[in-house]
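Coordinate inspection notes
Here is how the chains run, residue by residue.
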Amino acid sequence: MQVYEEAAAHWGDGPLVEVALPDGQTIRAVVTRRRRDRSGTWWYDCELTLPGRVDTPRGPIQQPHVVAFSAPYGIVRPIEGQDYTVLDPPPPEKRTRWRVDVTRDGRRLVHRLDCAAGSEGGSLATDADALRLLAQGPEVATTCAICRPEAVLRTLPPPPDDSF
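Residues numbered from 1 in each chain as written. Predicted model: local features only at pLDDT ≥ 70, side-chain atom pairs only at ≥ 80, totals over all residues. Heavy atoms only, no water.

With that settled, the discussion passes to the sheet that holds strand β9 (residues 108-112). Pairing is mixed in the open sheet, where four strands are placed in the order β10-β8-β9-β11. Each edge of the sheet is formed by a strand with only one pairing partner; in this case those strands are β10 (123-126) and β11 (141-143). Averaged over all pairs of adjacent strands, the angle between their axes in this sheet comes to 35°, without regard to strand direction. Alignment of strand β8 (residues 96-102) against β10, held across four bridges, turns out to be antiparallel. Pairing of T96 across the sheet is with T126, part of β10. Seen against the sheet, helix α2 (residues 127-134) touches β8, β9, β10 and β11 and runs at an angle of roughly 100° to β10. (Pairing = 2+ DSSP bridges. Helix = DSSP H or I, 4+ residues; strand = E, 2+ residues; numbered from the N terminus. Axes fitted to C-alpha atoms, helices over the stretch in contact; angles between N-to-C directions. Contact = heavy atoms within 4.5 Å.)

Structure, rendered in structure tokens:
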């Protein structure tokens, strides 16, 4: 069991949990996310690293295989000493919901994260960051005409003043 626990910790990011299998066995897996369903039950997204093999022209080689699964609390149990706070979402003021691209003329263009017109290389921004950027005027920053983030941004309170 010790060798497998080291492999699980090595192949996944996140704390370990114990998982009760239907046949009564208990294994350890890496938990990557937790969320609550409408009934209030906590569900845990986990990854289990299993041994595997890949056939090559020189013969088979060992290659780990990651299996992703989701299970409710009770089947997934915490392990003492593991830090599960890493699964908590950041507070609303620190959540990044916007992508900011630089246009050819040097202006900033604010997109929703899921906008197909936004580039993958753009920087991420919080609500306050996007509002501060757009407050500088259209000669500095504007919103995407495709995903229209201003529909959400105009409903938000103004960002806090950073001065003393």
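Next comes the rest of the description.
As enumerated under the stated definition, the model contains zero aromatic pairs in all. The ring centre of W42 lies 5.9 Å from the NZ or CZ of R34, which sits over that ring. (Phe/Tyr/Trp six-rings, centres within 6.5 Å; stacked < 30°, edge-to-face > 60°. Lys NZ or Arg CZ within 6 Å of the ring centre and 35° of its normal.)

Let us look at the pattern of salt bridges. Applying the stated criterion across every chain yields a total of nine salt bridges. The salt bridge involving D45 is made with R35; its shortest N-O contact spans 2.8 Å. Of this pair, D45 sits in strand β3 (residues 42-50) while R35 sits in strand β2 (residues 26-36), placing them ten residues apart in sequence. Residue D45 is classed as buried on the basis of its relative accessible area of 14%. Among the ionic pairs, R148 bridges to E150, the shortest N-O distance being 3.7 Å. Residue classification places E150 among the partly exposed residues on the basis of a relative accessible area of 22%. Several salt bridges share partner residues, and in doing so they unite R33, R35 and D45 into one network. (Salt bridge = Lys/Arg side-chain N within 4 Å of Asp/Glu carboxyl O. Buried < 20%, exposed > 50% of the residue type's maximum accessible area, 1.4 Å probe, protein only.)

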